[in-house]
Amino acid sequence: MSSVPGPGAPDLLHADARQRADALAAARDWTGAASAYAALAAATPDDAGAWIGLATASGRAGHYRDMHAAALRADAAGPRGWPHALALARLLRGLHETRALAELSATLGGHADAPPVDDLVALADLLVDEDLHREALAWLDRAVTREPGHAPARYVRGSVRLFLGDMPGAREDLQQAIAAAPHFAHAHRRLSQLRAEDRVGAPVRIARLRKERARVAPGSEHDIHFSHALFDELHDLGEHAQAWPELERGMRAKRATLRYDAGDDLRLVDAIRARCDADFVARAGHVADRDAPAPVFIVGLFRSGSSVLERMLGGHPSVSEGGESMGFAAALRLAADHRAQGLVDTTLLERLDAVDWPALGRDFMAANAWRARGRALWTEKLPTNSLLLGCIARALPRARFIHTTRAPMDVCFSNLRMLYGGFARWSYDQGELAAWHQAHAALMSHWRDVLGPRVLDVRHHELLRDPEATMQRVTGHLGLAFDPAVLKPERSGGAVATASAAQVRSGLRAPRAPDWLPYRDHLGPLAAGLGVTLD
């Protein structure tokens, strides 16, 4: 008998190879799966599925660079339809390849009728995560056109419209989401963020929140969202005695869902301070062309005023708003070949000596300078970049830093009342929140010593009390002439995808009595942890 394969043999061999690779992945043998997918991809380099499999297996095996390279090969191979496209979109979002994700979205536009609406919403969610709000809105418009009563599509589109400043459109979508799914707690809470524009509707919303919460399991994700929304609504009505138990209920339930040891965070901050000293930062980094745009990193605790400051800076003709980009963290992960637990971990710190710092700075600029959109500067407003300031300063000698600050009780209570996703795990317990505040303060004191005049502190109350003088200081720090346009954060255009999305667009407001004051009798653990006396 002849040993020459028949006409269908290559396809059969390919199918067998894929089956073996898939079986290894299903068995969680990630090293073996990566090897099998690599062989498959080498044999059929135009097979996007093989590269997607290789990227996934490489990432699970702990090989971040290999994951990144395989994901880009999958993108180059050109999946132009579903389901590979959604898998690739998830990879690109996880790697924070923002431009590649935007280009994939544009390419997939011609295939919008093929996938189910759930997939359209999933893609839009990924785009939102990378601040690609306009691109996400296009997919959500398609989803709502196809299924007007699709509650998740309405919810995500309502959120995107809120971020983009379309408050009437956001309200309409969120109300439609609730009408379609009355138990949809996330939509109820998002709608409560628009409460300032509908004060008279508060009693109806509160009654509805209580009614729907009674139908969900205590301590569930829905219960948590309903409780936080009730606190916000009751607080704004001045019903503080009723509001506090709602916040306590939501915080307690959320904290119970988290595996968190505050000591781990405190030890990490100490390790960062020890590792990234003045000598570390002073070593060579990327020397950029003087005509190239430069990044401005805005850091601080959540709720410290960073969103409004970025919004104000974005009014300057020389500054582009870059949003909460993970650009530097992604570049550092690639340089260290390690995806940290969180933004940074001890393994990443141990690998810093192996990093090529000039190359890291060059790669960051190549991947992110587009955010400047032709302007001299662009903002990188990820508050937790405070953990990476030493690394950023070394890799990018032209980078400048602004640290937004707020009175300890004010900023901590603002965090205590917030409901975050899987991050800010320290924000649901008063003692843990105080400990994180103090650790952040110690870290920023270290960065001031190390970086000197490269860091400018902007106090939130000064920005509100005397915005012109404060912004003159800020623009001077950045080497810019003052422009009155920076005093108009309420201007139209742009996106604000943070908890301040609605508030920022209402303009600056004068300082007022702190929101925590009516709850002072309940905030003893927070005050004690901060070393504050509540007289």
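1. So, the overall build of the protein
When you go through the protein residue by residue, the secondary structure sums to 27 helices and five strands. Scaling as 2.2 N^0.38, a compact globule of 535 residues should have a C-alpha radius of gyration of about 24 Å, and the protein matches this with 25 Å. A principal-axis box enclosing the C-alpha atoms of the protein has dimensions of 95 × 60 × 45 Å. A total of 535 residues make up the protein; the buried ones form 53% of that total. Accessible surface computed for the protein: about 23000 Å², of which carbon and sulfur atoms make up 52%.

2. Some points on the state of the cysteines
Evaluation of the coordinates by the stated rule reveals zero disulfides. Here Cys391 is not cross-linked by a disulfide; its sulfur's nearest cysteine counterpart is in Cys276, at 4.4 Å. A relative accessible area of 4% places Cys391 in the buried class.

3. So, the packing of aromatic side chains
Two aromatic rings are characterised by how far apart their centres lie and by the angle between their planes. Per the stated rule, a full pass over the model turns up 16 aromatic pairs. Consider the rings of Trp82 and Trp139, whose centres lie 6.1 Å apart with planes at 85 degrees: the pair is edge-to-face. Here Trp82 is found in the loop between α4 (64-77) and α5 (84-94), whereas its partner Trp139 is found in helix α8 (residues 133-146), with 57 residues between them in sequence. Relative accessible area serves as the criterion here: at 18%, Trp82 is assigned to the buried category. Trp139 gets classed as buried once you look at its relative accessible area, which sits at 1%.

4. Considerations on the pairing of strand β4 (residues 400-405)
β4 sits mainly inside the fold: five of its six residues count as buried. Both strand β1 (residues 294-300) and β4 contribute to a ladder of five bridges, which runs parallel. Looking across to β4, one finds that Val296 is bridged to Arg400. In the sheet, β4 pairs with strand β5 (residues 455-459) via five bridges, with the strands oriented parallel. Directly across from Thr405, in β5, lies its bridge partner Arg459.

5. Points about the pattern of salt bridges
For the structure shown, the criterion picks out 30 salt bridges. Arg199 is the partner of Asp236 in a salt bridge, and the nearest nitrogen-oxygen pair spans 2.9 Å. Taken together, the residues span a long stretch of sequence, with Asp236 in helix α13 (residues 221-236) and Arg199 in the loop between α11 (185-192) and α12 (202-213) at a distance of 37 residues. Look at Asp236 and you get partly exposed, because its relative accessible area is 32%. Here Arg199 falls in the partly exposed class, since its relative accessible area comes to 46%. One salt-bridge network, held together by shared partners, links Asp141, Arg154, Arg157, Arg161, Asp166 and Asp173.

6. A look at the sheet that holds β4
Adjacent strands of a sheet form backbone hydrogen bonds with each other and so pair up, either parallel or antiparallel. Strand order in this open sheet of five strands is β2-β3-β1-β4-β5, and the pairing throughout is parallel. Edge positions in the sheet fall to β2 (319-320) and β5, since each has one partner strand and no second. Pairing geometry for β1 and strand β3 (residues 377-380), over four bridges, is parallel. Pairing of Pro295 across the sheet is with Trp378, part of β3.

7. Points about the side chain of Asn368
By the element assignment, Asn368 lies in helix α20 (residues 357-368). Those residues within four positions of Asn368 in sequence are excluded, and the remaining contacts are Ser325, Gly327, Trp378 and Glu380.

8. Brief notes about the packing of helix α9 (residues 151-163) against helix α10 (residues 167-180)
Each pair of packed helices gets described by two things: the angle between the helix axes and the distance between those axes. Remark: α9 packs on α10, axes separated minimally by 8 Å, with the N-to-C direction vectors making an angle of 160 degrees. The angle between α9 and α10 falls in the class roughly antiparallel. The two elements α9 and α10 cross, and the hand of that crossing is left-handed. For the pair α9 and α10, contact is made by Ala151, Arg154, Tyr155, Arg157, Gly158, Arg161 and Leu162 and by Met167, Gly169, Ala170, Glu172, Asp173, Leu174, Gln176, Ala177 and Ala180, respectively.

9. Some thoughts on the side chain of His68
The residue His68 is located in helix α4 in this model. A relative accessible area of 13% means that His68 is categorised as buried. Only 2.6 Å separates the side chain of His68 from the side chain of Glu97, close enough to count as a polar contact.

10. Digging into the environment of Thr384
Its place among the elements puts Thr384 in the loop between β3 and α21 (389-395). With a relative accessible area of 26%, Thr384 lands in the partly exposed category. Considered as a pair, Thr384 and Ala288 are 96 residues apart in the sequence and their alpha carbons are 25 Å apart. Once residues lying within four places of it in the same chain are set aside, the contact partners of Thr384 are Phe302 and Leu343.

Calculation rules
Residues numbered from 1 in each chain as written. Predicted model: local features only at pLDDT ≥ 70, side-chain atom pairs only at ≥ 80, totals over all residues. Heavy atoms only, no water. Helix = DSSP H or I, 4+ residues; strand = E, 2+ residues; numbered from the N terminus. Rg over C-alpha atoms; globule rule 2.2 N^0.38 Å. Buried < 20%, exposed > 50% of the residue type's maximum accessible area, 1.4 Å probe, protein only. Areas by Shrake-Rupley, 256 points an atom, 1.4 Å probe, with all protein chains shown as cover. Disulfide = S-S within 2.5 Å. Phe/Tyr/Trp six-rings, centres within 6.5 Å; stacked < 30°, edge-to-face > 60°. Pairing = 2+ DSSP bridges. Salt bridge = Lys/Arg side-chain N within 4 Å of Asp/Glu carboxyl O. Contact = heavy atoms within 4.5 Å. Axes fitted to C-alpha atoms, helices over the stretch in contact; angles between N-to-C directions. Parallel < 35°, antiparallel > 145°, perpendicular 65-115°, else oblique. Left-handed = near helix turned anticlockwise from the far one by under 90°. Polar contact = N/O pair within 3.5 Å; in protein donor to acceptor, adjacent residues only side chain to side chain.

That is the geometry; function is a separate question.
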